[in-house]
Amino acid sequence: MTISKLCIQRAFRKSPVRVKAVTLSIAVLSISALILGGGCYRTKRSEYRLRADREAYDTIAERNTDPRWQASDYSIEMDPRSRYFDPYDPDHSPMPQDDPASHAYMQQVNGKTGWKHWEDNGVRAELENPAWRDSLGDYVDVNEEGTVKLNIDSTLQLAYVHSPALQSQLETLYLSALDVTAERFRLDTQFFGGYSARVNRNRASDSKSMTLGNDPVLQAQRRTATAGELLVGFANSFVIDFSRGTTNMAASLASFSFMQPLLRGAGRDIALEQLTLAERVLLANLRAFHQYRQGFYTQITIGELGVAGLQRGGSRTTISGFSGQGGVGGYIGLLQQLQRMRNAEDNLSLQERTLARLEAFQDIGVIDLVQVDQFRQSIENERANLLQIHDSYELSLDYYKTGTLGLPPDLSLELDDSLIRQFKLVAREATAVEDAIVQLQERVGEVSDDVGIDAIGQVLTEAVKLVGAVQQQLDDVTPDMTRMEDAAPAREQTMTKRERDVFQQDRKGLHQGLADLEKQFGKVQVEMELLQKGLSDTTRRATFDRTVIWLTDLLRLVQGATLIQARARLETVNIQTIALDAQEAFAMALDNRMDFMNGRAALVDSWRSIQLSADALQSALNVTASGGVGTAGNNASRFSGTTGNLQLGVALDAPLTRLLERNNYRQSLIDYQRSRRDFIQSHDSLYQGLRGLLRQIDQLRMDLEIQRRAVTIAIRRVDMSRAAFYAPVRPPQPGQRPAQFGPTSARDLLGALSSLLNTQNSFMGVWLNYYAARMRLDRELGIMALDPDGVWRDHSAVKEDLPGLVTSAVDTHALSLPPDLPAAWIELADRIPQIRDARASGAVTPVQTPVENRPINLNAPDDPSKGSVLTQLKGN
């Protein structure tokens, strides 16, 4: 016999039987106290969290088997490398920094002392993960200065690690799974238990007693699939009189009750509705998450999400469709802004180089101040415009970092421009060579007339260094010509016969132009060798004059090579044609799009609500049964059949007042019809968006060729406008002023440069919009395939393995582009002012070719044997 039992016997002086009953009660009470309020409170927080995670993830995994929407990772645990990762224990997180004035109310409120344990876990110093910057180099390229190098894949990796929007979608999926576990729990057996102890003291009789027990001590409840409810319970009670040392009363009771509706609220349609809805919503959100990853990719790359995302309350039948027109943002939009900024820089650099030559012409009196000032004004405008473009680019980059990637704006990023490198028509190396020649020309222009032989020798030495740079530039053109020929077969597939003939002739002209430049370069090399060998005191002046001419020839040669390279790069840019009928696209989208799968389910949910509302119109007829059995005598463990009881009953509530239920039923009918109409309109919106998107893709394909021709014309205009300023100036007759350039020469060149800048930007913009449209089409059709890392598996909307989506030549004969204007017309129109001035002064202003500097008499007709003036300049 234990010491506790002896103590109880001596205290109450009763038999061991009653002692056992009291001991049992105390044991039950002690166990209940330990379970409900024990010292394991902190441990149980994490146990509850981990148990919720296991059930939620298992619930998601049950329906994550269909490959059409299977997700590889749906954990809501933040990546430890994320800026938003919380390194602290989630169950005992330290308090964030509080507002001092607000914090005072936590310490004391309305004169009452607050809870003193708020800061038991400490106060965190900062909100974000302090180690996230140090781990950047683990998954993206970071240079020594801490700049992150970005391409599309690394940008996507950053977004998956840091994006708050993606994390919110994952959490919505998780919460939907928790909703399912809650509804399953409602239909599962639920256990409840508890115990209580109350001490009573009566001063009048000077008595003390304790009541032990609870009603119930243990209870089990379960709802059936037919809306029935079963309740089973066990209760006991002990009353102990401390003053007498006796147990006045000890009793136990086992009971049950059951209720089964037969009309209103009866049936599986009612009992299983909430669980059914929760299960369907979770499936819809798993599908929506699959579609959200597609939209997340397009948001990162082209700045357009295009999907609704997850909704904890369930999907809707109103599905927002694509409008049919879209631009370019995101990473691709940043690249577009970057290239526009570079184009503006190149345009400004070209204007600055031209201004130096115009100022030299002004000094010798062959151009007036008005035209020079036009150039100066244009340069200042371009500088201001460049500053604005740069500021806009930096602002867009900051918005992209914070709004899309979830990164701070001060993080240094460097964009990989490989996607837009093809639109760099003029290589930086070629521009550098031109700058070097112009700088040497300026230095030569500053030399006095009595220049010495040593100064001329130094000029020749520096000029020889330029020969190697020019040779390298000519060598760099050859790979561009090769790439142009490699791209030609694919481009010719979508051309008409006439367009192919013109394209082949253009390529032939470019090859011939490059060959002419290489011959001219050989002559330039020979000329330089002769200048070096022939330099002497007697020939120093002639050598100096010939060196000036040689530098001009070399500059024109470099410019000719630059133009050929630009043309070759321009012709290399290509797109893939998509031949897809709008009706086929619509059928494909209906079969593959997750939101329309969910929309069909949402429409059925609305239809099911009619049955639920109609059920409430019925009478309430419930069958009930209840009963129990208790203990006999004053013994809590001796149950007796004589104490048992059983009740059966039927309850009827006639449908005399059903106004609210009637209104709800009528509303459910209206809601269903609304949902049906909305879903029909969603189909129309999808069809309309696909038709518009396919039209846009076709329009962009044709517009690309238009812009390609526009760039070609702009290059030709710049070449011919600049040629006037490199033409030999006729020496003035005694007593006459030097021959003047035309009054619009500077304006013509400015217009040509502006046209080149605009057409370059337009050409690139069309291509990038086509690239975005192809990506958008994959998303709108619901066929965008992503790998486990979220990267688009095929960076092309053309998938030969998908029905109805193939590469094919599209007959553009009905919408063929307008033919090129005769080149002689364009050249003549640009030169009319100069021709007029030349004829007025009795002289003819010659125009040089960029290859051989041959004067072309614009007063004479074209030589049929040589073709038009443009044919003579073909490729330059």
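Quick note: structure is the one above.
What you see is a predicted model, and the numbers here were worked out from it, not measured in a lab. (Residues numbered from 1 in each chain as written. Predicted model: local features only at pLDDT ≥ 70, side-chain atom pairs only at ≥ 80, totals over all residues. Heavy atoms only, no water.)

**Quick notes on the pairing of strand 7 (residues 207-223)**
Both strand 5 (residues 190-193) and strand 7 contribute to a ladder of four bridges, which runs antiparallel. Across the sheet, residue Phe192 finds its bridge partner in strand 7, namely Gln219. Pairing of strand 6 (residues 196-202) with strand 7, which is carried by seven bridges, proceeds in the antiparallel orientation. What sits directly across from Ala197, in strand 7, is Leu212. Alignment of strand 7 against strand 8 (residues 229-241), held across twelve bridges, turns out to be antiparallel. Across the sheet, residue Asn214 finds its bridge partner in strand 8, namely Asn236. The antiparallel hairpin formed by strand 7 and strand 8 contains five residues in its connecting segment, where Ala227 sits at a positive phi of about 80°. (Pairing = 2+ DSSP bridges. Helix = DSSP H or I, 4+ residues; strand = E, 2+ residues; numbered from the N terminus.)

**Things to note about the environment of Leu557**
Along the polypeptide, Leu557 turns up in helix 14 (residues 540-572). Each C-alpha atom of the pair Leu557 and Glu518 lies 9.2 Å from the other, and the pair is 39 residues apart in sequence.

**Re a nonpolar patch on the surface**
The grouping of Leu230, Val232, Phe256, Leu646 and Leu648 at the surface amounts to a nonpolar patch, some 480 Å² of accessible area in total. The set of elements that each furnish at least two residues to the nonpolar patch consists of strand 8 and strand 13 (645-653). Mapped onto the secondary structure, Leu230 falls in strand 8. (Patch = residues over 30% accessible without salt bridge, like charges linked within 9 Å, V, L, I, M, F, W, Y side chains within 5 Å. Areas by Shrake-Rupley, 256 points an atom, 1.4 Å probe, with all protein chains shown as cover. Salt bridge = Lys/Arg side-chain N within 4 Å of Asp/Glu carboxyl O.)

**Looking at the sheet that holds strand 3 (residues 141-142)**
Strand order in the open sheet formed by three strands is 3-4-10, and the pairing between neighbours is mixed. The strands lining the two open edges of the sheet, one partner per strand, are strand 3 and strand 10 (413-415). Here strand 4 (residues 148-150) pairs with strand 10 via three bridges, running parallel. By the bridge assignment for strand 10, Lys149 is matched with Glu414.

So far we have only geometry, and geometry alone does not tell us how the molecule works.
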